[in-house]
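Survey of secondary and tertiary structure
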Amino acid sequence: MNRAKGVTGPAGFRAAGVAAGIKASGALDLTLVVNDGPNNAAAGVFTTNQVKAAPVLWSQQVLKERKLKAVVLNSGGANACTGHEGFQDTHATAEKVAEVLECGAIEVAVCSTGLIGERLPMDKVLSGVDAAKASLGNTVEAGLNAATGVLTTDSRPKQSWKAHEQGWSVGGFVKGAGMLAPNMATMLSVITTDADVDKDTLDAALRAATKKTYDRLDVDGGTSTNDTVIVLASGASGITPSQEDFEALLTEVAADLVKQLQGDAEGVTKEIAITVTGAATEDEAVHIGRIVAEDNLVKTALFGSDPNWGRIAMALGRAKARIDQHQLSIVINGIRVMHKGTRGEDRSNADLSGRDIEIIIDLAIGHGEATILTTDLSHGYVEENSAYSS
């Protein structure tokens, strides 16, 4: 996996990230990713939150055709809960991109991230599109700038790229540090591929990959109003991979991006993997893992490096899933602290002093299994989120 490359890694794509002035800091805040073809297949998945930002509503509409020329993204404002005017702003942004690229607005997806409830400074957004068009390139630097232009509370850009031995590749970037419970999460991601795949293959592969990657990260239970993942296929390699090979590489790149999201989450001091095995179904395993991941008593114990397995047992017992407490076992960093419903090995033997924590919950009921990634609840997380809008 190559994290120095991102959306410009695959052939047929140009990108840019510019400082449009949306952020008072003067940081990069507007990103443009362009598919130069020869194909323009696209697919997207979006937040399950019932309160959806204007860019989500727009992009859901244009992706019904499952073909795109470009994606434009801004940080510094979510354009969520901004009413009809906010939707007009999104439309105007797409129209501006269409104008400079000489395509139709229906071929342009729009994404935004930042504070909810404020209109965007449209004069800066539109002039930023001009600047981004002038800065488009297919270099590593152009891809890095694109990955940087979408950041909010992230501490660093997050991108990934990998080539298949057959000669095609997948690359992408992602942003997000808080409000992360992807059902989708404030999480935006653009993925590109030069594989020659049709829109149905692309859509099916994205949904399968999302289910096992973006949807398995749960930092704080908050599902953003703006969550979006878009994948673009240029076909520039001229190679048509099998559905299995394409889905596998897309999932691998997405998983790497999600791991970077976990490692850069707000206030993170522990990167936690909760694996539920022996569940009645995979869906129940996901549900149980998410219940544990979102429990504040579990998260604070892990912040303190305390292997308090009783909190884990309490949390998973709240799940609306089949659980037999007499068959339940819990392993923390290799130590079976709970066995068949009672105390197991001495909890003090579980070393949680490092950054990585692995929790395995065995229900011993069926064959369902899933892993949820999460983080601890630290002083840093509370301090950052208590002052976000100020």
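Residues numbered from 1 in each chain as written. Predicted model: local features only at pLDDT ≥ 70, side-chain atom pairs only at ≥ 80, totals over all residues. Heavy atoms only, no water.

Remarks on the overall build of the chain
- When you go through the chain residue by residue, the secondary structure sums to 10 helices and 15 strands.
- Considered along the principal axes of its C-alpha atoms, the chain spans approximately 65 × 50 × 35 Å.
- Of all 390 residues assigned to the chain, the portion counted as buried reaches 55%. (Helix = DSSP H or I, 4+ residues; strand = E, 2+ residues; numbered from the N terminus. Buried < 20%, exposed > 50% of the residue type's maximum accessible area, 1.4 Å probe, protein only.)

Focus: the sheet that holds strand E3 (residues 41-46)
- Read from one edge of the open sheet, 5 strands run E3-E9-E8-E7-E6, paired in mixed fashion. In this open sheet, the two edge strands, each paired with only one partner strand, are E3 and strand E6 (158-163). Put simply, the sheet's adjacent strands are angled 10° from each other on average, direction ignored.
- Pairing of strand E7 (residues 169-175) with strand E8 (residues 188-193) involves 6 bridges; the strand directions are antiparallel. In the strand pairing of E8, Lys 175 is matched with Leu 188.
- Relative to E3, helix H5 (residues 199-212) is tilted by about 30°, and along the sheet it contacts E3, E8 and strand E9 (228-233). (Pairing = 2+ DSSP bridges. Axes fitted to C-alpha atoms, helices over the stretch in contact; angles between N-to-C directions. Contact = heavy atoms within 4.5 Å.)

Describing the sheet that holds strand E1 (residues 13-18)
- One open sheet holds the 4 strands; their spatial order is E1-E2-E4-E5, and the pairing between them is mixed. Only two strands of the sheet have a single partner each, and these edge strands are E1 and strand E5 (108-113). When strand polarity is set aside, the average angle formed by the axes of neighbouring strands in this sheet is 10°.
- Where strand E4 (residues 70-75) and E5 come together, 6 bridges link them in parallel fashion. Paired with Ala 70 across the strands is Val 108, a residue of E5.
- The strands touched by helix H3 (residues 122-135) are E1, strand E2 (30-35) and E4; relative to E1, the strand with the most contacts, the crossing angle is about 130°.

What to know about the pairing of E1
- Burial runs high along E1: 5 of the 6 residues are buried.
- Taken together, the 6 bridges between E1 and E2 define a ladder with antiparallel strand orientation. Bridging across to E2, Arg 14 finds its partner in Val 34.

Thoughts on the pairing of strand E11 (residues 329-332)
- With burial as the criterion, each face of E11 is covered, one bearing Ser 329 and Val 331 and the other bearing Ile 330 and Ile 332.
- Sheet analysis places E11 next to strand E12 (residues 335-339), joined by 3 bridges and oriented antiparallel. Looking at the pairing, Ile 332 lines up with Ile 335 of E12.
- From the end of E11 to the start of E12, which pair antiparallel, there are 2 residues, and Asn 333 there has a positive phi angle of about 45°.

Brief notes about the pattern of salt bridges
- Scanning the model with the defined rule gives 20 salt bridges in all.
- The residue Asp 200 makes a salt bridge to Arg 66 at a minimum N-O spacing of 3.0 Å. (Salt bridge = Lys/Arg side-chain N within 4 Å of Asp/Glu carboxyl O.)

A look at the nonpolar core
- Leu 30, Leu 68, Val 71, Phe 173 and Leu 232 are the most contacted members of the largest nonpolar core, which has 46 residues in total.
- Residues in contact with Val 71, not counting those within four places in the same chain, are Thr 31, Leu 32, Val 33, Ala 109, Cys 111, Val 190, Ile 230 and Leu 232. (Core = buried A, V, L, I, M, F, W, Y, C linked by side-chain atoms within 4.5 Å.)

Observations concerning the UniProt feature "binding site: substrate" (unreviewed entry) in the chain
- Per the UniProt record, the feature "binding site: substrate" (unreviewed entry) sits at Thr 152, Lys 175, Thr 186, Glu 266, Asn 385 and Ser 390.
- The residue Thr 152 is located in the loop between helix H4 (140-148) and E6 in this model.
- Exposure remark for Thr 152: the relative accessible area of 26% places this residue in the partly exposed category.
- Apart from the residues within four sequence positions on either side, Thr 152 is in contact with Ser 75, Thr 113, Gly 114 and Lys 175.
- Inspection of the secondary structure puts Lys 175 in strand E7. (UniProt positions renumbered as here; feature names shortened; annotations may be inferred.)

A closer look at unusual backbone geometry
- For the bond from Gly 37 to Pro 38, the omega torsion is 20°, close enough to zero to count as cis.
- Position of Pro 38 among the secondary structure elements: in the loop between E2 and E3.
- Even without glycine at this site, Lys 340 takes up a positive phi of about 50°.
- Structurally, Lys 340 can be placed in the loop between E12 and strand E13 (342-343).
- By relative accessible area, which is 38% here, Lys 340 ends up partly exposed.
- Non-glycine residue Ala 364 carries a positive phi angle of around 55°.

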